[in-house]
Amino acid sequence: MDLTKLRAAQTIWAARPLKERGEVLCQFKRRVYERAQEAAELINSESGKLIAEAKLMDVYPTLGLVDSLIANAGALKRQKVKLPGIAFAGRSSTVQSVPVGVVGVISPWNYPLQIPAAGVLTALLAGNAVVLKPSEKTPKIGAWLVDQLHALGAPVECVQGAGAEGAALVETADAILFTGSVATGTAIGRRCGERLIPCLLELGGKDPLIALPYADVAKVVRGAVWGAFANAGQSCASVERMLVPKEELGLYEKEIIRQVSLLKKGEDWGPMIDEIGMQRALEHSKQGRLLIGGAVEGLWMEPTAIVLDNATSSAWNEETFGPLLPILAYDNVESAIALANTNSFGLTASIWGPGAEKLAPRLEAGTVTINDCVYTAGAPDTPWTGWKQSGLGVSHGAWGFQAVTKLQHINTQKAQHSPWQYPYEGLDEFMAAGMAGFLSLIHI
Ligand code: NAD
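A. Region of the structure containing the site of the ligand. Lining the immediate environment of the ligand, one finds 28 residues, of which Ser107, Glu136, Ser181, Leu203 and Glu319 sit closest. Leucine 203 is positioned with one of its backbone polar atoms (N or O) 2.7 Å from a nitrogen atom of the ligand. Contacts to the ligand include glutamate 319, whose side-chain N or O atom sits 2.6 Å from an oxygen atom. Notes on the ligand: free accessible area 860 Å², of which the protein chains cover 86%. Of all the secondary-structure elements, those providing two or more residues to the shell around the ligand are helix H7 (163–172), strand S6 (175–179) and helix H8 (182–195).

B. Spatial organisation of the nonpolar core. In this structure, Phe28, Val103, Leu113, Val120, Leu121, Leu125 and Leu149 are the most contacted members of the largest nonpolar core, which totals 46 residues. When contributions to this core are tallied by element, the ones reaching two or more residues are helix H2 (18–34), helix H3 (36–47), helix H4 (51–71), strand S3 (102–106), helix H5 (114–125), strand S4 (129–133), helix H6 (139–150) and S6. Broken down by element, this core gets its largest block of residues, seven residues, from H5.

C. Quick peek at H4. Given a rise of 1.5 Å per residue, 21 residues ought to cover 30 Å, and the 29 Å separating the end C-alpha atoms of H4 matches this to within 8%. Maximum bend of H4: about 35°, positioned at proline 61.

D. Looking closely at the sheet that holds strand S10 (residues 289–292). Reading across the sheet, the seven strands line up as S10-S13-S14-S9-S8-S16-S17 and stay open at both edges, with mixed pairing between neighbours. Two strands bound the open sheet, and with one partner strand each, they are S10 and strand S17 (367–370). Ignoring which end each strand starts from, the neighbouring axes of this sheet average 25° apart. When strand S16 (residues 348–352) meets S17, the two strands line up parallel, connected through four bridges. What sits directly across from serine 350, in S17, is threonine 369.

E. The arrangement of unusual backbone geometry in detail. Residue proline 423 follows tyrosine 422 across a cis peptide bond; omega there is -5°. Turning to its location among the elements, proline 423 is positioned in the loop between strand S20 (405–413) and helix H15 (427–432). The phi torsion at valine 374 lies on the positive side, around 65°, for a residue other than glycine. For valine 374, the location among the structural elements is in the loop between S17 and strand S18 (387–388). Even without being a glycine, lysine 388 presents a positive backbone phi close to 50°. By relative accessible area, lysine 388 is classed as partly exposed at 37%.

F. Geometry of the side chain of serine 418. Topologically, serine 418 is positioned in the loop between S20 and H15. The class of serine 418 is buried, set by a relative accessible area of 5%. When residues no more than four places from it in sequence are discounted, the contact partners of serine 418 are Arg91 and Gln413.

G. Local environment of the sheet that holds strand S2 (residues 91–99). The strand order across the open sheet formed by three strands is S1-S2-S20, and the pairing between neighbours is antiparallel. Taken across any chain shown, the strands that pair with only one partner, and hence form the sheet edges, are strand S1 (79–81) and S20. Averaged over all pairs of adjacent strands, the angle between strand axes in this sheet comes to 30°, irrespective of strand direction. Across nine bridges, the pairing between S2 and S20 is antiparallel. Residue pairing across strands places valine 95 opposite histidine 409, the latter belonging to S20.

Rules of the game
Residues numbered from 1 in each chain as written. Predicted model: local features only at pLDDT ≥ 70, side-chain atom pairs only at ≥ 80, totals over all residues. Heavy atoms only, no water. Near = heavy atom within 4 Å. Polar contact = N/O pair within 3.5 Å; in protein donor to acceptor, adjacent residues only side chain to side chain. Areas by Shrake-Rupley, 256 points an atom, 1.4 Å probe, with all protein chains shown as cover. Helix = DSSP H or I, 4+ residues; strand = E, 2+ residues; numbered from the N terminus. Core = buried A, V, L, I, M, F, W, Y, C linked by side-chain atoms within 4.5 Å. Buried < 20%, exposed > 50% of the residue type's maximum accessible area, 1.4 Å probe, protein only. Expected span 1.5 Å × (residues − 1). Bend = angle between axes of the 7 residues up to and from the residue. Pairing = 2+ DSSP bridges. Axes fitted to C-alpha atoms, helices over the stretch in contact; angles between N-to-C directions. Contact = heavy atoms within 4.5 Å.

Shown next, in the form of structure tokens:
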């Protein structure tokens, strides 16, 4: 992959003031706003995602990303660092985040606008050029995103293809922002490690929802049903495991059946993207007692809830990535937390009901929501980060700039003398005369 032209364009882009780059992003926001319907229809045509969900989960969050990036752009400005103690008198330090150069963004198909836009816009605002490799399953919306930025003169290119093209990008880019499966992410992370380039990995999830005793059953179920079935369950942060108190299982079962029965095909729930994903979800759906759903027609799988009687099945332990809500009853809150944490993933978790605030920090996940679920990926000022197999690094907010910049420290010396330099004669007297700051510095 020849990046010569893009590297030249990056130098010019990075030299433009931050404010100007921010203005380009604002113009991009206006273009996307004006073309919201067109973008949603493109997403729908490639992935089957409902138009309403394409707007709610892809187009509108992309607009919000721009506002958040502009609001957090102060993190890209040169900042002073305080130097303690008299030993450093006459010196000053500043730090600055410098663009890495060309950032490779490799994205999945399930949020084919919002996810690549987050990476591309963050990298551009920080002064980088970008190569986007969208998923081979949603190439057109990837190209559309790049076209909108091209029209505004931003240094961004699109390469189409599958694994081979993604791997080629990993060989040439100066940093990689990857979102996708654990298997691909691990291979990319390994190669980035060998090349010693920064790499942000946003991977899968098997996110638990814990309903605490005496929670508002209707409210919890409303969250669980949306969290499990929105986008046909094809969200990294989908509710993929639901834990309810043993004594309240009957109440939850009834309410889930009631609420799921109200969902309308084609209006509230849509088709999956392909047969492979559908077969996996169908296979998982057969591992428990069927509560509701289970039928399949083409790529349309009904929102399906099953009740499990233990935590050993793949429906409970592996990412389903489809419209399936597996439910398990727990004996006490301690066992609920242990069950929630016994999983290789740690993307998000949610906890609902009385006492949730106190228990939330004990959940092993990068994001824990109390009395709500899933939605914080669309709240771009908040950090997005996966624990365990769910990823490495942080995106969104000011944190997101770290993966696309190098930190440069500049230290200036205006003093006559550096007290640690030769000769060492008189060192004890100097220490006695007031090196407390220096001593505390080296002992901390
Ligand atoms: P995937 O890993 O199959 O593909 C993702 C991207 O990587 C695609 O563009 C693909 O072409 C590319 N790719 C494949 N092999 C590659 C290689 N060897 N080198 C470089 N690039 C390669 O994932 P997917 O099926 O598109 O996405 C679904 C997965 O993504 C799920 O596990 C889901 O949980 C996860 N996901 C995570 C987040 C998050 O924020 N943590 C968000 C969305 C999706």
